[in-house]
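Examining the three-dimensional arrangement
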Amino acid sequence: NMEHKGEFVHDPNPLVDVERFLFYRNGIFAGYRMDFTFRQSVEGKQFLEYELFRALGGYLVVLADGRLSPCFFFPPAGLSNLSVFNERNISMLPGVERHPLINQVTFRMDYDGSKFLTELLFIDAPSLDQFGLAGQHTIESKGMSLGRGGAALAGLTATRIFRRYAGLNPATGQANGGAVIFTVKSHFMTLTAEVGDFVFLSHSLLPDFETGRRGVTNRICEVIERQPNFAEGTMT
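Thresholds applied
Residues numbered from 1 in each chain as written. Predicted model: local features only at pLDDT ≥ 70, side-chain atom pairs only at ≥ 80, totals over all residues. Heavy atoms only, no water. Helix = DSSP H or I, 4+ residues; strand = E, 2+ residues; numbered from the N terminus. Buried < 20%, exposed > 50% of the residue type's maximum accessible area, 1.4 Å probe, protein only. 1 Å grid on protein atoms, 1.4 Å probe; cavity = no way out; pocket = protein on both sides within 12 Å on 5 of 7 lines; lining within 4 Å. Points joined across faces, edges and corners; volume = space filled by probe spheres on them. Nonpolar A, V, L, I, M, F, W, Y, C, P; charged D, E, K, R; others polar. Core = buried A, V, L, I, M, F, W, Y, C linked by side-chain atoms within 4.5 Å. Contact = heavy atoms within 4.5 Å. Pairing = 2+ DSSP bridges. Axes fitted to C-alpha atoms, helices over the stretch in contact; angles between N-to-C directions.

What follows covers the environment of Arg-88. Mapped onto the elements, Arg-88 comes out in the loop between strand S5 (83-85) and strand S6 (95-98). By relative accessible area, Arg-88 is classed as exposed at 77%. Distance in space between the C-alpha atoms of Arg-88 and Ile-220 is 17 Å, their sequence separation being 132 residues.

The structure is reproduced here in structure tokens:
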């Protein structure tokens with residue numbers, strides 16, 4: 001921000017999705033406090049990704065116009081404007097993979113300049129009972145501390161990770177294995193779906209790992225990568 005005629009006016013960086021940053025800062029994460037001590041210069045993007053976003057359960061994406069935009073593990077605010085992928089615009093049977101399970105998360109905080117003084121371990125007990133110790137995820141942040149609510153923040157982030165990657169349906173507790181990753185090749189007109197967007201996916205031939213039957217209808221998915229093919233007029 002900069003001051004202009006006695007008022008603070010917005011001076012956005014054209015390489016950053018400023019509105020999205022402010023949406024999270026002033027909304028979901030309002031009041032969160034992290035303290036950092038800088039003894040040398042740091043690379044801004046790397047600092048955001050490793051010190052802030054990982055601790056908050058988020059990541060940076062690059063939008064189609066080249067801007068950096070934040071994404072976090074939260075469900076869509078509404079379902080009315082989601083893009084739809086179905087057999088009308090999908091040009092071939094989607095590929096299906098499974099993300100490795102994560103049912104243990106370790107948080108390290110209270111950095112004293114040379115080492116982390118606090119280490120917290122979070123385990124998803126139902127997933128551990130079902131699958132055993134399947135996968136571990138470690139998060140470190142030099143700005144987190146117990147005195148600034150670090151334990152509560154770490155617990156919230158660990159819970160969001162478990163809901164997506166622990167291999168259990170968070171609503172029913174039913175085992176459904178690793179999070180499903182679909183690779184979809186579609187018509188080029190679906191280019192409006194950005195990385196980080198939530199979309200509906202339907203296909204009568206896809207396996208539904210929760211029911212054990214064939215056919216997926218209006219499954220809410222998050223776009224994690226996209227690749228245009230201008231010669232073929234397709235998006236993957």
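Past the structure itself, the notes keep going.
Another point: unusual backbone geometry. A positive phi angle, close to 55°, is found at Asp-110, a residue other than glycine. Structurally, Asp-110 can be placed in strand S7 (residues 104-111). One non-glycine residue, Asn-218, lies in positive phi territory at about 50°. With respect to the helices and strands, Asn-218 occurs in strand S13 (residues 213-222).

In this model, the largest pocket occupies a volume close to 1,600 Å³. Taken together, 48 residues form the lining of the largest pocket, with Arg-164, Val-180, Ile-220, Cys-221 and Glu-222 sitting closest to its centre. Among the secondary structure elements, those contributing two or more residues to the lining of the largest pocket are helix H4 (150-165), strand S10 (180-183), strand S12 (198-208) and S13. A total of seven residues in the lining of the largest pocket trace back to one element, the largest contributor, which is H4. Grouping the amino acids of the lining of the largest pocket by side-chain chemistry returns 27 nonpolar, 12 polar and nine charged.

Time to look at the nonpolar core. Judged by nonpolar contacts, the single largest core of 26 residues is most densely connected at Phe-72, Val-105, Phe-107, Met-144 and Ile-161. Elements supplying a minimum of two residues to this core: helix H2 (44-56), S7 and H4. Broken down by element, the residue count for this core peaks at six residues, all from H4. Sequence-distant contacts of Met-144, that is, excluding residues within four places in its chain, are made with Met-34, Ala-55, Phe-107, Met-109, Asp-110, Gly-150, Leu-153 and Ala-154. Counting residues in hydrophobic clusters, the runner-up holds 15 residues, among them Leu-63, Phe-85, Val-184 and Val-199.

By definition, the strands of a sheet pair up through backbone hydrogen bonds, in either a parallel or an antiparallel sense. Strand order across the open sheet formed by three strands is S5-S12-S13, with mixed pairing between neighbours. Strand pairing shows two members of the sheet lacking a second neighbour, S5 and S13, which therefore form its edges. Each strand of the sheet is rotated relative to its neighbour by a mean of 15°, with strand direction disregarded. In this structure, S5 lies alongside S12, joined through three bridges in parallel fashion. From the neighbouring strand, Phe-85 faces S12, where its bridge partner is Leu-201.

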